[in-house]
Amino acid sequence: MKPRIRILLYSLFVVLLAANTFTLVQYWKIRGERPGSGRGSIQAFLIRELSLDASQAASYEEMIRSHRRMADSMRQAIRLAKEDMFDLLKDPAAGDSVWQVAAIRASGLMAALDLQTMSHFSQLRAICRPDQQARFDVLLKDVARMISMGPPPRHPGPPPGFPPPPER
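The sections below set out a description of the structure shown in this document. Note that this is a predicted model, so its numbers are computed, not measured.

## Here we look at the side chain of Gln43
Okay, step 1: Secondary-structure assignment places Gln43 in helix α2 (residues 41-50).
Okay, step 2: Overall, Gln43 belongs to the buried group, its relative accessible area being 19%.
Okay, step 3: Those residues within four positions of Gln43 in sequence are excluded, and the remaining contacts are Tyr60, Glu61, Ile64 and Arg68.

Take a look at the structure:
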C-alpha cells in the first residue's frame, strides 16, 4: 500500500477513535446527571437545584426518612386493601356494591398517600429561603414527573435473550 494512503487511513482511524471516545464520554456524563437515574435521585436533584445549605439538607434528609417510613406503611396498607379487593372475586355472593366499597377503601388509602407526599413537599418548601421557594415552584412539575415515573425497574440478571453474567 502506498505510504500516502496508509497515513490517510491511520489518520482517519485516529479521528474516528477520538470521536467515538468523545461521544461515549458525553453520553455517560449526561446519563449520570439525569434527575431520574437511580434511588435517591430526587433528593440529590432537589438539594443541588435548590442550593440547600448544610442545615437545610440535614433537615430535608430527616424529613425524607420520616416520609419514607410513613409512605412504606401506607403502601403496605394499600397492598393489603387491594389484595382484599381482589379476594372478593372468589366470593360469588359479593356483588358490585361490595366491590365498590373495597375499591373506595383502596383509593382512599392512595389519596392519603398522595396527601402525605404533598405535606412532605410543603415542609420542604417551608425550610427554603424565598429565592429557593421560587426555584422550587419552577421545579415542582419536574419533581412530580420524576415521582410518577417511580424508580427504575430492577431486573434480576440480564435482559431476556442475553447470556447470564460470568461466574466469579
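## Some thoughts on the environment of Leu52
Okay, step 1: Tracing the sequence through the fold places Leu52 in the loop between α2 and α3 (54-87).
Okay, step 2: The class for Leu52 is buried, based on a relative accessible area of 11%.
Okay, step 3: For the pair formed by Leu52 and Cys128, sequence separation is 76 residues and the distance between their alpha carbons is 7.7 Å.
Okay, step 4: Contact partners of Leu52, with chain neighbours within four places excluded, come to Leu46, Ile47, Ala57, Tyr60, Leu124, Cys128 and Gln132.

## A few points about the packing of aromatic side chains
Okay, step 1: The tally for this structure, following the rule as stated, stands at 2 aromatic pairs.
Okay, step 2: Their ring planes at 75° and their centres at 5.1 Å tell us that Tyr27 and Trp28 sit as a pair that is edge-to-face.
Okay, step 3: Its relative accessible area of 45% is what places Tyr27 among the partly exposed residues.
Okay, step 4: With 6.4 Å between their ring centres and 35° between their planes, Phe121 and Phe136 make a pair best called tilted. In this pair, Phe121 is assigned in helix α4 (residues 96-127) and Phe136 in helix α5 (residues 130-149), connecting sequence segments 15 residues apart.
Okay, step 5: Phe136 sits in the buried class, given a relative accessible area of 3%.

So, how was this worked out
Residues numbered from 1 in each chain as written. Predicted model: local features only at pLDDT ≥ 70, side-chain atom pairs only at ≥ 80, totals over all residues. Heavy atoms only, no water. Helix = DSSP H or I, 4+ residues; strand = E, 2+ residues; numbered from the N terminus. Buried < 20%, exposed > 50% of the residue type's maximum accessible area, 1.4 Å probe, protein only. Contact = heavy atoms within 4.5 Å. Phe/Tyr/Trp six-rings, centres within 6.5 Å; stacked < 30°, edge-to-face > 60°.

Purely spatial values, then, with no claim about function.
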